[in-house]
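Coordinates in review
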Amino acid sequence: MLNFMKQNTKLISKKDTTKTLGNFLLLMTLLVSLNVSAQNDDFELELLHVQGNVYLVAGGGGNTALLVGEQGVLVVDTKLKAASDELIALIEENFDVPIHWIVNTHGHLDHIGGNAEVAAAGNILGSSNSGGRAVTDPAEIYAHIEVMIPLVTADEVDLDAVPGNTYTAGSMEFYANGESVQLIHQPAAHTRGDSLVFFRQSNVLVAGDIFTIQRYPFIDVANGGSVRGLIDALNNMLTIIIPNTNQQGGTYVIPGHGRITDEYEVVNYRDMLTIIYERIEDAIARGLSLEEVKTARLSREYDPLYGSDTGFWTSEQFIETIYAELSQ
Ligand SMILES: [Zn+2]
Ligand SMILES: [Zn+2]
């Protein structure tokens, strides 16, 4: 296939996979218990070719995207810390080029947990000669500045995990493997520091947790998230995505959790969120209390697809969050 891919690599085709979102709840429960670094789980990571030079590594926390080329490997999101050894091993087993770049879609620990380990396993572009690992400057980490700030103001600062290349304005661009990499800030969406990551030549958009295909979006209000901002972010995704035919093909989308998809499901997801949001807005305008809104079950036809009665993010919490935001 590609000359930097090792011979023995076995790829699973997109069609063959029933995906791993089922682990989302479990992983987030682990996260919330703040017991992540103590876990020694055996994570089953799965490598899939997406399109062009982009691959998905599923499992072990949030989805990881890889851009692989002659210069090296770019890693979008580094999973839970406890899965970092397996992520590094998978990359080294399958690809002959070093890790040079890390990008974080946002600051949750199921997406940045392995930053320090993955950076240390790689090196900065230009410090290696012909792919060697002689020089040990770690790979560079890119993210919106709002990913960096909580890491450097935490009680325990792990400087090796902190993004050193941050941006504050609307977007950041750089080249990797001759391909343009664009980080596009989505303010106040899932968190205050979300970036969409777009690989223009490979035509793949990495959404982070703005888009979690089989669950209602988790709005991290405590960290600057908002429902309105998340709807805006989904609409921004749809301006980037160009389908091939009938809302399918063309730009592929990697969600924060769940399977690879395309415009069709992003449209469905955006419509779902917009409809529920507007129903609750209308109910509040008619004077309904939160309890009355819950009783009215305004998300009823979507609950079987996206809802949950248990876990860290239930359908009830989702409705409460929208109601609270619209009542401000
Ligand atoms: Zn996540
Ligand atoms: Zn998240």
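Reading the values: rules and limits
Residue positions are counted from 1 within each chain, in the order its sequence is given. Labels are handed out in written order, letters beginning with A for the chains and numbers beginning with 1 for the ligands. Predicted model: local features are reported for residues with pLDDT of at least 70 only, side-chain atom pairs are reported and counted for 80 or more only, and whole-chain, interface and lining totals are derived from all residues. A run of H or I in DSSP counts as a helix once it spans at least four residues, and a run of E counts as a strand once it spans at least two, with each numbered from the N terminus. Put simply, a residue is buried when 20 or more other C-beta atoms lie within 10 Å of its own C-beta and exposed when 12 or fewer do; between those, it is partly exposed, and each C-beta is set from the backbone. By the convention adopted here, residues are in contact when the distance between their C-beta atoms, placed from the backbone, does not exceed 7 Å. To form a nonpolar core, buried Ala, Val, Leu, Ile, Met, Phe, Trp, Tyr and Cys residues must be joined through C-beta atoms within 7 Å. Two strands qualify as a pair provided that DSSP identifies no fewer than 2 bridges between them. Fitted lines through C-alpha atoms give the axes, limited to the stretch in contact for helices. The angle between two N-to-C directions lies from 0 to 180 degrees. We call a crossover right-handed when, viewed with the strands running away from us, the connection from the first strand over the helix to the second turns clockwise. In this scheme, roughly parallel covers angles under 35 degrees and roughly antiparallel covers those over 145, while 65 to 115 is roughly perpendicular and the rest are oblique. Crossing handedness is defined as follows: a turn of the near helix away from the far one that is anticlockwise and smaller than a right angle gives a left-handed crossing, while the clockwise case is right-handed. Think of it as three bins: nonpolar holds Ala, Val, Leu, Ile, Met, Phe, Trp, Tyr, Cys and Pro, charged holds Asp, Glu, Lys and Arg, and polar takes everything else, Gly as well.

Moving on, we come to the overall build of the protein chain. Looking only at helices and strands, one finds ten helices and twelve strands in the protein chain. Classification of the 328 residues of the protein chain by burial places 47% in the buried group. Relative to all contacts within the protein chain whose residues are 6 or more apart in sequence, the contacts with residues 24 or more apart total 63%.

A separate point is the nonpolar core. Judged by nonpolar contacts, the single largest core of 85 residues is most densely connected at Leu66 and Leu74. Counting residues per element, this core draws most heavily on strand β11 (residues 204-212), which supplies six residues. If we skip the residues at most four places from it in the chain, leucine 66 touches Val54, Tyr55, Val57, Val73, Leu74, Val75 and Ile91.

What follows is about the sheet that holds β11. The five strands lie next to each other as β8-β9-β10-β11-β12, forming an open sheet whose pairing is mixed. Either end of the sheet is taken by a strand with one partner, and the two such strands are β8 (171-176) and β12 (252-257). Averaged over all pairs of adjacent strands, the angle between their axes in this sheet comes to 25°, without regard to strand direction. By the bridge criterion, three bridges tie strand β10 (residues 194-199) to β11 in an arrangement that is antiparallel. Residue pairing in the sheet places phenylalanine 198 in a bridge with leucine 205 of β11.

On strand β4 (residues 73-76), burial covers both faces: Val73 and Val75 on one face and Leu74 and Val76 on the other are all buried. Relative to β4, strand β3 (residues 64-68) runs antiparallel, the two being bridged by four bridges. Paired with leucine 67 across the two strands is leucine 74, which belongs to β4. The turn linking β3 back onto β4 is made up of four residues. The pairing of β4 with strand β5 (residues 99-103) spans four bridges and is parallel. The partner of valine 75 across the bridge, within β5, is isoleucine 102. As for the winding sense of the linkage, the β-α-β connection from β4 through helix α2 (residues 84-94) to β5 is right-handed.

The phi angle at alanine 188 is positive, at roughly 50°, despite the residue not being glycine. Residue placement: alanine 188 occurs in the loop between β9 (179-186) and β10. Within the chain, arginine 297 stands out as a residue other than glycine whose phi angle is a positive 50°. Looking at the element boundaries, arginine 297 is found in the loop between α8 (290-296) and α9 (303-306).

Attention now goes to the packing of helix α7 (residues 263-285) against helix α10 (residues 315-326). Closest axis-to-axis distance for the α7/α10 pair is 10 Å, and the angle between their directions is 55°. What the angle tells us is that α7 and α10 run oblique. Along this stretch, α7 crosses α10, giving a crossing that reads as right-handed. On α10, the residues that touch Ile276, Tyr277, Ile280, Glu281 and Ile284 of α7 are Ile322, Tyr323 and Leu326. Among the residues forming the contact of α7 with α10, the class breakdown is seven nonpolar, no polar and one charged.

That's the geometry; what it means functionally is another story.
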